[in-house]
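Observations on the three-dimensional arrangement
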Amino acid sequence: MKLADFGFTEGINEIIAVTFSKDGKINTAPIGIIVENANSQYAKVKLYPSHTRRNVEAGSKLWANIIYDPIIWAISSFEDLDESWFESLNPPIIRDSLAWCEFECEKVRDGNPAEFKLTLTGGAILRKELRAINRGFNALIEALVHATRYRINKNPSLLQKIEECRAIVEKCGSEREKNAFKILLNHIR
């Protein structure tokens, strides 16, 4: 079993992460998993202070859900998905995920962000979907990255980047991408 078996490539791979708190509360958040060798079972992630980081530091595994639903991306960027969004909780699989992967996490560097080594320990391909690249979806993901950063530091230059992405979503995205962008806007106003 290697990262490439689940569609990971060298670089930063955006996924929806699922972790659990000590009391079993579900945490969902988009994160970027950094892959240096897709033919291995090792990756890394840099986590800023968040529920995800707190859960991993407390011993939670990290489950990566590979998914293309723009609404799920938008909602999970700003709040945790509840159980109704899952087709399974053991392992935690978000509805319509193409694949899931389970990772053991080991902190290798403290700080802001802290860095964790990820070791792939399980996973499954659930659906094989042929999908062309949609610039609207990609722009939505980029806008969500800027929006979550904007909520933390209120840097106005991020609003300009979000607006640039908005133009691409409006031109190239489907109705789901456009609706997801509305969710984004509601969370940064």
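Everything here concerns the structure above.
Since the model is a prediction, treat every value here as computed from it, not as a measurement. (Residues numbered from 1 in each chain as written. Predicted model: local features only at pLDDT ≥ 70, side-chain atom pairs only at ≥ 80, totals over all residues. Heavy atoms only, no water.)

A short note on the environment of Ala99
The test is simple: Strands are runs of DSSP state E lasting at least 2 residues, helices are runs of H or I lasting at least 4, and numbering of each runs from the N terminus.
Structurally, the position occupied by Ala99 is in strand S7 (residues 99-109). Taking the C-alpha atoms as reference points, Ala99 and Arg53, 46 residues apart in sequence, are found 22 Å from one another.

A word on helix H2 (residues 70-78)
We apply this condition: Note on exposure labels: buried denotes an accessible area under 20% of the residue type's maximum, exposed denotes more than 50%, and partly exposed covers the range between, all computed with a 1.4 Å probe on protein chains only. What makes two residues a contact is simply this: any of their non-hydrogen atoms within 4.5 Å. Think of a polar contact as two N or O atoms within 3.5 Å of one another; within protein, one of them needs to be a possible hydrogen donor and the other a possible acceptor, and neighboring residues in sequence only count if both atoms come from side chains.
Most of H2 is tucked away, with 9 of its 9 residues classed as buried. Of the positions making up H2, those classed as buried are Pro70, Ile71, Ile72, Trp73, Ala74, Ile75, Ser76, Ser77 and Phe78. Each element contacted by the buried residues of H2 is listed here: strand S1 (11-20), strand S2 (26-35), strand S6 (92-94), helix H3 (135-153) and helix H5 (175-188). With a side-chain oxygen positioned 2.8 Å from the backbone nitrogen of Ile71, the residue opening H2 is Asp69.

Observations concerning the environment of Pro70
Mapped onto the elements, Pro70 comes out in helix H2. Counting along the chain gives 108 residues from Pro70 to Lys178, while the straight-line C-alpha distance between them is 8.8 Å. Sequence-distant contacts of Pro70, defined by excluding residues within four places in its chain, comprise Phe137, Leu140, Arg176, Glu177 and Ala180.

Quick look at the environment of Arg176
When you line up the elements, Arg176 lands in helix H5. Each C-alpha atom, one on Arg176 and one on Ser21, is 31 Å from the other, the two residues being 155 residues apart in sequence. Non-local contacts of Arg176, meaning those with residues more than four positions away in its chain, are made with Asp69, Pro70 and Ile71.

Structural notes on the packing of H3 against H5
Working note: a packed helix pair is described by the angle between its axes plus the distance between those axes. Stated precisely, the cut-off is as follows: Think of each axis as a best-fit line through the C-alpha atoms, taken over the contacting stretch in the case of a helix, with angles from 0 to 180 degrees between the N-to-C directions. Throughout this description, any angle smaller than 35 degrees is read as roughly parallel, any larger than 145 degrees as roughly antiparallel, any in the 65 to 115 degree range as roughly perpendicular, and the remainder as oblique.
In the contact formed by H3 and H5, the axes pass within 10 Å of each other and the chain directions differ by 10 degrees. Relative to H5, the element H3 is oriented roughly parallel. Packed against H3, whose contacting residues are Gly136, Phe137, Leu140, Ala143, Leu144, Ala147, Tyr150 and Arg151, the element H5 presents Glu177, Ala180, Phe181, Leu184, His187 and Ile188 at the interface.

Notes on the pattern of salt bridges
Between side chains of opposite charge, pairing is possible as soon as their charged atoms come close. Note the threshold: One speaks of a salt bridge when a side-chain nitrogen belonging to Lys or Arg is within 4 Å of a carboxyl oxygen belonging to Asp or Glu.
A full pass over the atoms with the stated rule returns 16 salt bridges. Between Glu87 and Arg127 there is a salt bridge, with its nearest N and O atoms 2.9 Å apart. Taken as a pair, Glu87 in strand S5 (residues 86-89) and Arg127 in the loop between strand S8 (114-125) and H3 lie far apart in primary sequence, 40 residues in all. Residue class for Arg127 comes out partly exposed when judged on its relative accessible area of 33%. Notably, a salt bridge pairs Arg131 with Glu129, separated by 3.8 Å at the nearest N-O pair. The exposure class of Arg131 is partly exposed, given its relative accessible area of 33%. Of the residues examined, Glu129 reaches a relative accessible area of 43% and is grouped as partly exposed. Here the salt bridges share partners, and the residues they tie into one network are Glu36, Lys44, Arg109 and Glu115.

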